[in-house]
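# Topology and contacts: notes
The chain contents come next:
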Amino acid sequence: MRGRSIALLLAALLSTLSAEAATADELPGAGFSNHLALALGFGYGGLPSMTSDEAYVAAENQSLQAQGWNVSGAADPSSELHAALSLTYYGPYWTTLRVGAEVSFFEPNEQGTPPGGALNVITNYGGIVELPILVGLHYAVANDRLVVELMGGPDVTLLTMSGLDSTDLTGNPRLVGDTVVGFDGILGLHYLVSPLFSVGAEVGYRALQTGPLRASDATTPYLTPGGQNVNLNFSGFRGLLDLAIVVL
């Protein structure tokens, strides 16, 4: 009799545990969990606050004109292109963690002709290599095939570079920047074409401005011919399309 009571008690306990596990599995939107995805993406973003770089271009153009150059246009950056390689972990209870590397760059052009020379295309090149570290939430619908993500976190620059370049333009240094930390936030949507492969789209906002840039062979900030510092402001809205492989 006693043995039967213990058996009934164990059966009741197992039934309770099974019911709890089923309830955990049925949490709304939490079915896509304990997965790791490796993604490669490409995108485009606006640069509405690049006023310091625009002042740098204007000062350099004024200096060239004082040397007898005929300059046409202004190589002011208004947008950027970027490529991203990211690793995203979709944890239990809707949690999400992402780390990766991203390259953002711009290359607007203008034209200039030196005294007695041929027409030059002058390129204002600039870019950063950054490391976003994002945490947030995800929610899965449509039998866990459509995943919505909302994440944010620090964005660390690993490399910054800028400058003006053309065939006959000499003496302009390559400018570099030190490490700074900004913020990045994204809203993403990913569709699992198969259990191992997904396509996705993201929109986000990045708040990231470098400190004063310096010549690559100097330790003090670079000053334009007008006596101004130069920095790059990559803050703005951006979008990205990506392909991902679910590796776990």
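Below is a summary of the structure that appears in this document. For clarity, every value in this text was computed on a predicted model and none was experimentally measured. (Residues numbered from 1 in each chain as written. Predicted model: local features only at pLDDT ≥ 70, side-chain atom pairs only at ≥ 80, totals over all residues. Heavy atoms only, no water.)

## Re the overall build of the chain
On a plain count of helices and strands, the chain comes out with two helices and twelve strands. Taken from N to C terminus, the helices and strands of the chain fall in the order α-β-α-β-β-β-β-β-β-β-β-β-β-β. Per-residue burial for the chain yields a buried fraction of 40% across its 248 residues. Contacts in the chain between residues at least 24 apart in sequence constitute 72% of all its contacts with a sequence separation of at least 6. As presented, the chain carries roughly 13,000 Å² of accessible surface, and 64% of it is formed by carbon and sulfur atoms. (Helix = DSSP H or I, 4+ residues; strand = E, 2+ residues; numbered from the N terminus. Buried < 20%, exposed > 50% of the residue type's maximum accessible area, 1.4 Å probe, protein only. Contact = heavy atoms within 4.5 Å. Areas by Shrake-Rupley, 256 points an atom, 1.4 Å probe, with all protein chains shown as cover.)

## Description of the pairing of strand β7 (residues 146-165)
Looking along a regular strand, one sees side chains alternate from face to face of the sheet. Bridge analysis of strand β6 (residues 120-141) against β7 gives 17 bridges, and the strand direction is antiparallel. Following the sheet pairing, Val 129 is matched in β7 by Leu 159. In this structure, the hairpin formed by β6 and β7 is closed by a connection of four residues, where Ala 142 is found at a positive phi of approximately 55°. Here β7 runs beside strand β9 (residues 181-194); their pairing, made up of eleven bridges, is antiparallel. Bridging across to β9, Pro 154 finds its partner in Phe 183. (Pairing = 2+ DSSP bridges.)

## Here's the deal with helix α2 (residues 51-66)
The end-to-end C-alpha separation of α2 is 23 Å, in line with the 22 Å expected for 16 residues at 1.5 Å each. If you check which residues of α2 are buried, you get Ser 52, Asp 53, Tyr 56, Val 57, Ala 59, Glu 60, Asn 61 and Leu 64. Each element contacted by the buried residues of α2 is listed here: β2 (70-72), β4 (95-106), β5 (109-113), β6, β7 and β8 (175-176). In the segment just after α2, Gly 68 is the residue with positive phi, at about 100°. (Expected span 1.5 Å × (residues − 1).)

## Things to note about the packing of aromatic side chains
Considering all chains together, one arrives at five aromatic pairs under this definition. When the ring of Phe 32 is compared with that of Tyr 90, the centres are 5.1 Å apart and the planes differ by 65°; the resulting orientation is edge-to-face. Residue Phe 32 is found in the loop between α1 (2-25) and β1 (35-46), and its partner Tyr 90 is found in strand β3 (residues 79-90); the two are separated by 58 residues along the sequence. In this structure, Phe 32 and Tyr 90 share a single accessibility class: buried. A centroid spacing of 6.0 Å and a plane angle of 35° characterise the contact between Phe 106 and Phe 234, whose relative ring orientation is tilted. Of this pair, Phe 106 sits in strand β4 while Phe 234 sits in the loop between β11 (214-215) and β12 (236-246), placing them 128 residues apart in sequence. The class for Phe 234 is buried, based on a relative accessible area of 1%. (Phe/Tyr/Trp six-rings, centres within 6.5 Å; stacked < 30°, edge-to-face > 60°.)

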